[in-house]
There are 2 protein chains.
Amino acid sequence: MAGLGRAFALSATAIHAHPGVILVAGAEPNSEHRRSFEKTFDAKTYSDVSNLVTDPDVEVVYVSTPHGLHKEHALAAINAGKSVLIEKPMTVSLEDASSLIETAKKAGVQIIVGPSHSFDGPVKLAEALIAKGKIGRVRMIHALYATDFLYRPRTASELSTDLGGGVVFSQAVHQVDLVRRLAGVPAQRVTARTGGVWDADRPTEGAYSMLIDFNEGIFASLTYSGYAHFDGDRLMENTTELGISKSDEFKSARKILESVQNESEFKSSRGFSSLETCPQAQTHEHFGQVFVFGDRGDLRLTPNGVEITDANGPEFYPAPFRTSRAEVFDTLYAALREQTPPLQNGKWGRASLEICHALLTSSETGDTVTLNYQEG
Amino acid sequence: MAGLGRAFALSATAIHAHPGVILVAGAEPNSEHRRSFEKTFDAKTYSDVSNLVTDPDVEVVYVSTPHGLHKEHALAAINAGKSVLIEKPMTVSLEDASSLIETAKKAGVQIIVGPSHSFDGPVKLAEALIAKGKIGRVRMIHALYATDFLYRPRTASELSTDLGGGVVFSQAVHQVDLVRRLAGVPAQRVTARTGGVWDADRPTEGAYSMLIDFNEGIFASLTYSGYAHFDGDRLMENTTELGISKSDEFKSARKILESVQNESEFKSSRGFSSLETCPQAQTHEHFGQVFVFGDRGDLRLTPNGVEITDANGPEFYPAPFRTSRAEVFDTLYAALREQTPPLQNGKWGRASLEICHALLTSSETGDTVTLNYQEG
């Protein structure tokens, strides 16, 4: 583990439960998180990623450090001959993504970009049902999610678009990833609007609407607000993005934030402390309302699976649930032990990243942006 | 009434109940509908609109004939010195819309374009709550509706885009109308995709996604499928577009259509026969899921009113209900008797029509289309 912060805390349960993965070492500047990690997993720790990657017991490095450090840490691992699982976005710039892909190829190691919501059990099941022809030809995809993302505790870099912060690199990348998986064909062009910075106190993009043109005439509309007061989880059976049932009590992230003295410190305190304090999902994770409209039926994601409505009415297909994110580590295991090429490889991650950049460019210029890194 | 078909049947209850409107005459080629009209309203009928408009008892003509005839019938009424209420779309071509506006201006009569869902009680209430500052500055609007529109019984012209058929002129015009009312400022540009004709047996556009740029940086995403198997009313408290509670039983418009021998005749049989057989709404009409995201809160339409979520949580504002479409005839009455200029006047109707044409053009060319008829 490179990074024992919030991102690791969200994956720890899945890693711990997965029969194919052993946590042997972790790197993290925060000594408290290091101690918690050592104690919980009976594993080594390092304060610096450079020492982690050369540890001979380490076979694959999961890079869950801040977005702006993904490139440096992934490159260190690749150069040490290790495959990498890199949190989305794989890097901030497209050039860095290309450089990682190139270096990994030369080193003969693999890149997997995840976790992202394209790994969610219901998305995987939907892909399989579409491939089976359950809804006929895919025509149109629609995705909507509304959260208080921008008002959760953030570090300064998480609020700087240039450093990979804001909803485009943190959230659009999820929605794009899962919509791409459902479309099943390469994207061609992007037209998008963010409205810029809505709140000068959080100086990054916090919302967007986007049209994506895919091959075969498929098109998708994606809308997200991280400024939302409305709770988008109400459209998802009152289940959080992390797969946890919600109480009816309304919580305002803005009000909670007002009571926080040092936001960056508070965010840092939410790193790994124990398995018991990690979020315990009861269902799959989700990323809000998602519909796929096909010639013979329409598909809707739920936290528990997939609902397909055709001429005979709606039918529900449950997606088998172990832990949230189990599918990420299935993919990792299959890539390293079973020679199964991962869908979400380096080129996949770069393609989603390119769409994020296109989102920003299209919104700035008002023009439609043609994509160049979507094939293969 | 010019036209006693399905459109009139959907408005008859509201007209009959409205204290400011008296039905004095109706024109309709179908003699059965004429007889039903005479009997129910103790009113005159004509087989031809040209005789209706010159009837001295007629003060205002409600044009609810097929889209392709709106221009001819509205023009006849205007030339006879009568104000007109024209079903959306006011005409098929922009030129015809401009010509109606010009002629009405010279004749000193009014044009109101409706009914459309921009008249719905919750939309009107939402406009008022936004004007009061309840959600702060409006930033982003989102609208989604999924219906089986294309598989309801249709005449040939209703399935011909050139004749004003298809979902763009029949359904997008609703969504555009209500989104424009909620945005509260002129639209600037449109980027849209329809995917063309998905079903060669119904040779017109049946679905779309569209981005609209408005003044003040507001943007809106609108998505509609009239090919849907999924029932979009499930996102609206299981209430139909017409404000009627739905049973849980699934009905497939495609299957019903298969059992129909002569589709055009069947459609014609759904014209006016009695007040009792007209749809009886229990709530306001609606046009699917609609969100307005503002700086201080988010607004969501329901069939009964408006829900606003701000930092204190969700609050529901009921919209007073009399009959569905009562607001259309309030507007008509206020325009003619109280010198209250209608929002949905000729220029308003042309602006929505222009966006429908831009939707088609943008989808054909792939380009963003700049709008020219949105001011005033």
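Scroll up for the structure.
Residues numbered from 1 in each chain as written. Chains lettered and ligands numbered in written order. Predicted model: local features only at pLDDT ≥ 70, side-chain atom pairs only at ≥ 80, totals over all residues. Heavy atoms only, no water.

(A) Main features of the overall build of chain A. Broken down by element type, chain A carries eleven helices and 14 strands. Expected size for 376 residues packed as a compact globule is a radius of gyration near 21 Å; at 20 Å, chain A falls within 12% of this value. Counting only C-alpha atoms, chain A reaches 55 × 50 × 40 Å along its principal axes. Counting across all 376 residues of chain A, residues that qualify as buried make up 60%. Intrachain contacts of chain A at a sequence separation of at least 6 include 71% that bridge at least 24 residues. Entry remark: accessible area of chain A is about 14300 Å², with carbon and sulfur atoms responsible for 48%. The averaged location of the 47 negative side-chain charges in chain A is 2 Å from the averaged location of its 36 positive side-chain charges. (Helix = DSSP H or I, 4+ residues; strand = E, 2+ residues; numbered from the N terminus. Rg over C-alpha atoms; globule rule 2.2 N^0.38 Å. Buried < 20%, exposed > 50% of the residue type's maximum accessible area, 1.4 Å probe, protein only. Contact = heavy atoms within 4.5 Å. Areas by Shrake-Rupley, 256 points an atom, 1.4 Å probe, with all protein chains shown as cover. Lys, Arg positive; Asp, Glu negative; His and termini not counted. Charge placed at Lys NZ, Arg CZ, Asp CG, Glu CD.)

(B) How the structure looks around the sheet that holds strand β3 (residues 60–63) of chain B. All names here are of chain B. Strand order across the open sheet formed by three strands is β3-β4-β5, with parallel pairing between neighbours. Strands with a single pairing partner mark the edges of an open sheet, and in this sheet they are β3 and β5 (111–113). On average, each strand axis in the sheet is inclined to that of its neighbour by 15°, with strand direction left out of account. Where strand β4 (residues 83–86) lies against β5, three bridges are found, and the strand directions are parallel. When the bridges of β5 are listed, I86 appears paired with V113. Sitting on the sheet, helix α4 (residues 70–79) touches β3, β4 and β5, and the angle it makes with β4 is about 160°. (Pairing = 2+ DSSP bridges. Axes fitted to C-alpha atoms, helices over the stretch in contact; angles between N-to-C directions.)

(C) View of the interface of chain B and chain A. Facing 50 residues of chain B, the contacting portion of chain A comprises 50 residues. Carbon and sulfur atoms make up 62% of the area that chain B and chain A hide from each other, which totals about 4000 Å². Summed over the three residues of chain B that lose the most area to chain A, namely R193, W198 and H229 of chain B, the buried surface amounts to 17% of that side. The tally of links between chain B and chain A comes to four salt bridges. Linking chain B to chain A there are 20 residue pairs in polar contact (both at pLDDT 80 or more). (Buried area = accessible area lost by both parts, 1.4 Å probe. Salt bridge = Lys/Arg side-chain N within 4 Å of Asp/Glu carboxyl O. Polar contact = N/O pair within 3.5 Å; in protein donor to acceptor, adjacent residues only side chain to side chain.)

(D) Broad picture of the packing of helix α5 (residues 94–107) of chain B against helix α11 (residues 346–365) of chain B. All names here are of chain B. Packing of α5 against α11 leaves a shortest axis separation of 10 Å and a crossing angle of 175°. By the criterion of interaxial angle, the relationship of α5 to α11 is roughly antiparallel. Of the residues in α11, those in contact with L94, A97, S98 and I101 of α5 are G346, K347, R350, L353, E354 and H357. Grouping the amino acids of the contact of α5 with α11 by side-chain chemistry returns four nonpolar, three polar and three charged. (Parallel < 35°, antiparallel > 145°, perpendicular 65-115°, else oblique. Nonpolar A, V, L, I, M, F, W, Y, C, P; charged D, E, K, R; others polar.)

(E) Up close: unusual backbone geometry. All names here are of chain A. Note that the residue after K88, namely P89, is joined by a cis bond; omega there is -15°. If you trace the backbone, P89 turns up in the loop between β4 (83–86) and α5 (94–107). Positioned with a positive phi, E237 is a non-glycine residue whose angle comes to about 55°. Among the structural elements, E237 can be located in the loop between β9 (219–225) and α8 (253–258). On the basis of relative accessibility, which here comes to 47%, the residue E237 falls in the partly exposed class.

(F) Representation of the pattern of salt bridges within the structure. Following the criterion strictly, the structure yields 36 salt bridges over all chains and no others. Among the ionic pairs, E285 of chain A bridges to R325 of chain A, the shortest N-O distance being 3.0 Å. Within this pair, whereas E285 of chain A is found in the loop between α9 (263–268) and β10 (289–294), its partner R325 of chain A is found in the loop between β13 (313–318) and α10 (326–337), the two being separated by 40 residues in sequence. Across the pair D295 of chain B and R139 of chain B runs a salt bridge, and its minimum N-O distance is 2.8 Å. With a gap of 156 residues between them, D295 of chain B in the loop between β10 (289–294) and β11 (297–302) and R139 of chain B in strand β6 (residues 138–146) connect regions that are remote in the sequence. Among the residues examined, D295 of chain B registers a relative accessible area of 29% and is labelled partly exposed. Overall, the relative accessible area of 10% leaves R139 of chain B in the buried class. Each of K44, D55 and D57 of chain A takes part in salt bridges that share partners, so that together they form one network.

(G) Focus on helix α11 (residues 346–365) of chain A. Residue and element names in this part refer to chain A. If you check α11, its first and last C-alpha atoms are 28 Å apart, about what 20 residues at 1.5 Å a residue would give, namely 28 Å. With 14 of 20 residues buried, α11 is to be regarded as a mostly interior element. Regarding α11, its N-cap is N345, as a side-chain oxygen of that residue lies 3.2 Å from the backbone nitrogen of K347 further along. Residue G366 follows α11 closely and has a positive phi angle near 85°. (Expected span 1.5 Å × (residues − 1).)

(H) The environment of H117 of chain B, seen in detail. Residue and element names in this part refer to chain B. Looking at the secondary structure, you find H117 in the loop between β5 and α6 (121–131). Exposure remark for H117: the relative accessible area of 1% places this residue in the buried category. Sequence spacing of H117 and E38 is 79 residues, and the spatial spacing of their C-alpha atoms is 29 Å. Those residues in contact with H117 that sit more than four places away from it in its chain are V123, H174, L178, E241, E285, H286 and F287. Within the local environment of H117, its side chain forms a polar contact with the side chain of D120, the two groups lying 2.7 Å apart.

(I) Looking closely at the packing of aromatic side chains. Tallied over the entire structure, the rule returns 26 aromatic pairs over all chains. When the ring of F8 of chain A is compared with that of F41 of chain A, the centres are 6.0 Å apart and the planes differ by 70°; the resulting orientation is edge-to-face. Pair noted here: F8 of chain A is in helix α1 (residues 6–17) and F41 of chain A is in helix α2 (residues 31–41), with a separation of 33 residues, a long-range link. Relative to F291 of chain B, the ring of F230 of chain A lies with its centre 4.7 Å away and its plane at 55°, an arrangement referred to as tilted. Taken together, the residues F230 of chain A in the loop between β9 and α8 and F291 of chain B in strand β10 connect one chain to another. Classification of F291 of chain B as buried rests on a relative accessible area of 1%. Put simply, the rings of F8, F37, F41 and F272 of chain A pair up and form one aromatic cluster. Directly above the ring of Y151 of chain A sits R254 of chain A, whose terminal nitrogen or CZ lies 4.0 Å from the centroid. (Phe/Tyr/Trp six-rings, centres within 6.5 Å; stacked < 30°, edge-to-face > 60°. Lys NZ or Arg CZ within 6 Å of the ring centre and 35° of its normal.)

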